[in-house]
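If you want the building blocks of each chain, they are given just below.
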Amino acid sequence: MQIFETITGMREFLAHNKAQAADGATRSVGLVPTMGALHDGHASLVRAARAANDIVVASVFVNPLQFSDLGDCDDYRNYPRQLDADARFLESLGVDAVFAPSVEEMYPGFSDAPETSPQIWVRTGRMGEILEGASRPGHFDGVATVVAKLFQIMAPQRAYFGRKDAQQLAIVEALVRDLEFTVEICGMPIVRGADGVAESSRNLRLSAEQRRHARALSRTLFGVRDGEFDSVSDARAHLAASDGVELGYFCLVDPLNLREVDAVTRPALALTAAWVGPVRLIDNLLLEAADASPEAHE
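Residues numbered from 1 in each chain as written. Predicted model: local features only at pLDDT ≥ 70, side-chain atom pairs only at ≥ 80, totals over all residues. Heavy atoms only, no water.

A. Examining the nonpolar core more closely. Core analysis: the largest hydrophobic core is formed by 56 residues, its most contacted members being M10, V57, F151, M154 and I185. Residue contributions to this core peak at 10 residues, all from helix α8 (residues 139-154). Filtering out sequence-adjacent residues up to four positions away, V57 remains in contact with M10, L14, V29, G30, L31, V32, V95, A97, F99 and M154. Grouped together as the second largest cluster of nonpolar side chains are 23 residues, A216, L221, V224 and F250 included. (Core = buried A, V, L, I, M, F, W, Y, C linked by side-chain atoms within 4.5 Å. Buried < 20%, exposed > 50% of the residue type's maximum accessible area, 1.4 Å probe, protein only. Helix = DSSP H or I, 4+ residues; strand = E, 2+ residues; numbered from the N terminus. Contact = heavy atoms within 4.5 Å.)

B. Geometry of the sheet that holds strand β6 (residues 184-188). Spatial ordering of the open sheet is given by β1-β4-β3-β2-β5-β6, a layout of six strands whose pairing is parallel. The sheet is open, and its two edges are formed by β1 (2-4) and β6, each paired on a single side. Pairwise comparison of adjacent strand axes, ignoring direction, gives a mean angle of 25° for this sheet. Relative to strand β4 (residues 97-99), β1 runs parallel, the two sharing three bridges. Opposite I3, over in β4, you have V98 as the bridge partner. Across the sheet, helix α1 (residues 7-18) is in contact with β1, β2 (29-34), β3 (55-60) and β4; its angle to β3 comes to roughly 170°. Packed on one face of the sheet, helix α4 (residues 83-92) meets β1, β3 and β4 and runs near 165° to β3. (Pairing = 2+ DSSP bridges. Axes fitted to C-alpha atoms, helices over the stretch in contact; angles between N-to-C directions.)

C. Quick look at the packing of helix α10 (residues 208-225) against helix α11 (residues 232-240). For the pair α10 and α11, interaxial distance at closest approach is 10 Å and the crossing angle is 165°. Judged on the interaxial angle alone, α11 and α10 are roughly antiparallel. Note on packing geometry: the crossing formed by α10 with α11 is right-handed. Here α10 contributes A216, L217, T220 and V224 to the contact with α11, which in turn contributes A235, H238 and L239. Partitioning the contact of α10 with α11 into residue classes produces five nonpolar, two polar and no charged. (Parallel < 35°, antiparallel > 145°, perpendicular 65-115°, else oblique. Left-handed = near helix turned anticlockwise from the far one by under 90°. Nonpolar A, V, L, I, M, F, W, Y, C, P; charged D, E, K, R; others polar.)

D. Main features of the packing of α1 against α8. Running from N to C, α1 and α8 cross one another at 45°; their axes reach a closest spacing of 9 Å. Relative to α8, the element α1 is oriented oblique. Facing I7, M10, R11, L14 and K18 of α1, the residues of α8 in contact are K149, Q152, I153 and M154. Tallied by class, residues from the contact of α1 with α8 come to five nonpolar, one polar and three charged.

E. Region of the structure containing the pattern of salt bridges. For the coordinates displayed, the defined rule picks out 12 salt bridges. With a closest N to O distance of 2.7 Å, D195 and R211 form a salt bridge. On the criterion of sequence distance, the pair formed by D195 in the loop between β6 and α10 and R211 in helix α10 is long-range, its members being 16 residues apart. Look at D195 and you get partly exposed, because its relative accessible area is 26%. Judged by relative accessible area, which is 22%, R211 ranks as partly exposed. Each of D72, D74 and R77 takes part in a single network of salt bridges with overlapping partners. (Salt bridge = Lys/Arg side-chain N within 4 Å of Asp/Glu carboxyl O.)

Structure below.
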């Protein structure tokens with residue numbers, strides 16, 4: 001496995017290796033974009049990419065554009081960075097190359113003038129302004145911008161994203177549709193710990209007690225699915241009253257456009273975000289119409 005810190009090096013590697021198929025055909029590339037601090041959820045993405053592609057590339061880049069104040073915040077500064085460990089993890093899974101650029105490599109001039117680098121952004125509109133975007137203005141514009149740039153650098157046939165970040169996945173799918181990228185977006189199932197907590201790099205910052213409190217998010221989501229609550233409002237109130245949880249939101253949305261729905265009368269996404277100790281956690285569950293009781297409405 002090779003690690004590339006420059007765009008030129010990454011492109012040269014792909015150009016050389018894409019042309020190495022025995023029959024002269026172009027070899028397929030599967031891309032797994034990450035911000036590092038890798039866990040079993042990332043492993044599931046890599047395994048899916050490895051099974052379906054000739055070449056697998058993972059990016060490891062903590063993108064300042066998707067943090068508050070363009071990274072001038074504790075969340076960005078404290079984000080786990082462990083490239084050596086991540087590289088060993090990825091190599092054990094059969095990744096062919098890792099793209100681990102510096103901020104300056106991705107956004108020339110950023111160090112001197114972050115407010116003007118990059119000058120061109122991908123804007124995500126309403127889809128990026130609601131839910132997580134309401135409390136993190138500009139976050140999804142930063143996500144869409146870096147993902148678009150990774151697609152331009154790698155030109156992958158497939159790219160793999162976890163369904164835990166459901167809003168991000170919906171926005172990336174819209175990005176590909178609207179900007180005509182020729183890449184297949186593969187949304188992979190949420191990986192959960194034995195306690196039901198969705199795997200996340202941010203879980204590393206939870207104490208043992210906070211991890212126990214975090215179980216309330218998935219328990220409430222599955223409770224809605226199993227008809228344990230009379231309404232979405234009841235489920236929201238239950239989660240808000242859970243020990244150690246400071247609720248951000250709990251709602252049902254259309255999976256395609258993220259518009260809020262008030263009843264489970266068709267497939268819907270139950271979405272939640274909450275602070276547990278110092279960490280903001282998100283989770284979601286796809287609900288089929290048959291999953292919830294008829295009374296599951298506002």
